[in-house]
Each structure stands twice: as C-alpha cells, then as structure tokens.
Amino acid sequence: MNHVSARSSGRRTTPPRLRAALVSIVTGVVAVGTTVALASSASAGTTLGAAAAETGRYFGAAVAVNRLSDSVYVGILNREFTSVTAENEMKWDATEPSPNQFTYASGDKLVSHAEANGMRVRGHTLAWHQQQPRWTAVLSGTALRNAMLNHVTQVATHYRGKIHAWNVVNEAFADGGSGARRDSNLQRTGDDWIEAAFRAARAADPGAKLCYNDYYTDGQNPKSNGVYAMVRDFRARGVPIDCVGFQSHFTAQSPVPSDYQANLQRFVDLGVEVQITELDIEGSGSSQADSYSRVVSACLAVSRCTGITVSGIRDTDSWRSSATPLLFDGNGAKKAAYTSTLDALNAGGTTVPPTTPPPTTPPPPGDGACTAAVSVNSWPGGFVTTVKVTAGPAGLDGWVVNLPLPSDATVTNAWNAQHTGTSGAVSFRNVSYNGTVGAGAGTEFGFQGTGNGPTGTATCARA
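Source: prediction; values computed, not measured. (Residues numbered from 1 in each chain as written. Predicted model: local features only at pLDDT ≥ 70, side-chain atom pairs only at ≥ 80, totals over all residues. Heavy atoms only, no water.)

**Concerning the pairing of strand S5 (residues 209–214)**
Across the six residues that make up S5, a large majority, six, are buried. By the alternation rule, side chains of S5 split into Lys209, Cys211 and Asn213 and Leu210, Tyr212 and Asp214, which are all buried. This β-α-β element, strand S4 (residues 165–170) to helix H7 (residues 193–204) to S5, shows right-handed connectivity. With four bridges joining them, S5 and strand S6 (residues 243–246) adopt parallel strand pairing. Counted as the bridge partner of Tyr212 is Val244 from S6. Of the crossover connections in this fold, the one passing from S5 over helix H8 (residues 222–237) to the parallel S6 is right-handed. (Buried < 20%, exposed > 50% of the residue type's maximum accessible area, 1.4 Å probe, protein only. Helix = DSSP H or I, 4+ residues; strand = E, 2+ residues; numbered from the N terminus. Right-handed = clockwise from strand over helix to strand, strands pointing away. Pairing = 2+ DSSP bridges.)

**Some details on the nonpolar core**
If you look at the biggest cluster of nonpolar residues, it comprises 90 residues, and the most contacted ones within it are Phe81, Trp166, Val169 and Phe198. Residue contacts for Trp166: discarding those within four places in its chain leaves Met90, Gly123, His124, Leu126, Val155, Ala156, Tyr159, Asp205, Ala208, Lys209, Leu210 and Cys211. In terms of nonpolar packing, the next biggest core, distinct from the first, is built from 23 residues, Leu396, Leu403, Leu405 and Val426 among them. (Core = buried A, V, L, I, M, F, W, Y, C linked by side-chain atoms within 4.5 Å. Contact = heavy atoms within 4.5 Å.)

**Let's talk about the packing of aromatic side chains**
Overall, the coordinates contain 16 aromatic pairs when judged by the stated rule. Ring centres of Trp92 and Trp135 lie 6.0 Å apart, and the angle between their planes is 85 degrees; on these two criteria the pair is classed as edge-to-face. One end of the pair, Trp92, is in helix H4 (residues 92–95); the other, Trp135, is in the loop between strand S3 (120–128) and helix H6 (141–158), and 43 residues separate them in sequence. What makes Trp92 buried here is its relative accessible area of 2%. (Phe/Tyr/Trp six-rings, centres within 6.5 Å; stacked < 30°, edge-to-face > 60°.)

**Some points on the UniProt feature "active site" (unreviewed entry) in the protein**
Taken from the UniProt record, the annotation "active site" (unreviewed entry) applies to Glu278. On the secondary structure map, Glu278 appears in strand S8 (residues 273–281). (UniProt positions renumbered as here; feature names shortened; annotations may be inferred.)

Structure (structure tokens):
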C-alpha cells in the first residue's frame, strides 16, 4: 500500500480578510484626499499550491529523486506544489544500508530542490516494518529496539530544521477487524516501541511536526479506532505526537467513505493536526474528479487539516499507474480531476489556525537531554556492552546513563566512563574527555561483565 510512504507561481496572493482590510484602509485614505497606488485584488489561485495557501494549507506531491532530471516532471512540480515527500529516499534501507553507516545523498538532493524552490519537506518514514535494511533481519528484542532508536535519532538529527513534518511511524496497525497492532519485528520489541520512536524523534528535531501515518483509516472502522485510541492515550500522557496522516488510496471497491470528514474531525478533536499524505483515486473523467473534490472539500472543512499530498505527479509516475489515479496524465496534461481539485481549493474553507506542540513528558528517569543506545555481545558466562550516548538539541556538558543489569550480572571493568556499582542498577558517568557533546553528536563507552548481559532499557540524563 505504501509507495511513498512548492512553490506557487509568482508572488504570494493576499488572503481574503487582508484584502478586505486593505480596501477599508484605502477607502479611508482616499477620503482625506491622499492618492494611493494599490495593486488589484488577488484572484483565485491558478495553481494547486497557490490556491491551498489561501487557507494556510500546503498542497504537495510524493517525489522520486531520479525523476528530477525529467523537465516535464520538474516543470509541473515547481509550478503546482508547495510541499514534497520523498517516495523512498528517506526510508531505513535507503539511509542506513549498513549498521550505523548512513547515506543521505538522495534525500539531501530532494531537500536542496525543495529549498531552492520554496517548498516544505515532509519526511517519510523513520520507523516501518517494511523496507528495512537486510542487516536488521538478524536482530530482535533489545538489539533491534536500539538499532531503531539510533536510526530515528541519527536521521532526524541530520535533517533537523529542514523537515516540516515527519511520518515517524508508518502502518503499525493490522488490517481487518481487530483494531490491534500489526505483528511485526518492531512490535515484538515491546508495545511501547511507537512511543519510544516518537520520543526519540522529538529529542532529535524539536521543531518538526511528528505524525503517525496509515492506510484504510479514512472512515471510522476497527483499524482507525485502534489508531484513535493510541493517539488519545499519547495525548493524555504527554507523548509527543502532533499529527495523524491518512494515506487515502481510493478505488472503485474502496471509495471515499461517507464519514471521511467526520473521521478527520474526531482526530482533530483530540488536539492533533491531520494531513492527507498519499492521496490517489483510481479512475478517470467526472467520477474521479468528483471524488477528488470531495476529499479536498472535506480537508478544507476541518480547521486543522493542514495539507494534502498526492502520491505522485503524472499517472505514469504512480505506483499503480494502470489505475490512472493522479491529477496529470502521462504527458503531463491536466485531467478533469485537476480542475475539480483546483475548483474545490478555490471554493475556500476554514483557515488553519497557528498551532504549538503539546507539552510532553520525558521518559523517566532520563531528562530528555540525551539518549542511550545499547548493544550487547554475549557468550556463556560473560558479555561486552557498548553504549552510544547521543546529545539532544541543547548539547551536553556532562552525562549519566543508568542501566539495570540482570540479577546474575556483574561489571568487571569499563572504558570511557566511570561507574557506580557493579550489579543491579548501575550508573555510568562521563570521564574528563567525553563529557562535552555537541547537539546531535554522540560518544561511546563500554563495559565488560560476567553473567548475562543487560536487557533492560538504558536512560540518559544531563549530569
């Protein structure tokens, strides 16, 4: 289901309320005999991005970097869209092909194109049960959890300040009628893995909106109810979640549900934004055009539905091209669905209000200043543990890591850290040369012991 997952042409148009205010000001000035030159009032938006911007929303597209050499593709992208989402370039297998060895060239190219053309960037995706690198296949439990958290931290840190919103976790709920979590290798690391991923993302990039993203959640059903319950719980406990993404892949067999708008609204009522993240609708002609119009109108009617992203640009670029699901045909010509979408955007709706991230609670007993990722090499009767400390956005002038050990474990020696205690709950502090860690940077320490290696969660705090 998940293949993915601008600038307006010319100057920014003036919002309607501002236009009215300017008319009043001009009228008053003319009345006292002052001559004023004023540009004519803005007309309806002539591109998707410009029309969406009238209500404070973005209109984006999923973009494949290898198509940025296609002049027709890029021409449409730069003219019509105000946001881009990487199709595959920011996923785990693309960014960390070997353990802790990161490559960002393709993602960086997309970000550079967006920045050069005044577009926002949506990050997709930090944690997903698919498109994981091959080396994760041998990991499970604590080792996989730590690898996932390290990945979230490193990638979000690399793009800090450049991503408008991250799909932090993708498609973690099962299809069908249970409303339960999907059985995946990440889920088997513990039911709190989604929460842990969101906390790591917030520490790495406090300015990005953090989203949960899924499909078949467009109307109220068991799957969307499961996501709703998770979001409600997260908001109640201060887990940092800002938005929910609805993929909205529609077919003749699975059309736009009658309660689409009401479903978006119930999530907004929890205090989060909603975003349509991968919209495509199979078909052609008036039927497809009407469906696009319904989706856009529903978003515009919900005050905190902050943007729409279509899952590609031309039909031939789509992950399901035979269904002709997008707004431009294979030659780049506008379809009837394009016109209905633009008309719906220009019909207007609610204006997106300014939002601020909700207050969050750090995972006790750490203070959110840093994270600690643990890897263990064990053998019968002994182990070696390596711990990577990664500083949060404020950096560190000293750190302490607390790590519970199994009842039979004893620390025999440590390097790059001082330790208090040798069994039970052991604390590790920086030594003189590795206490200062820059924002997003890391340092490592290790220790050896007898017995079984640690399996508990390490917490990191400022010393």
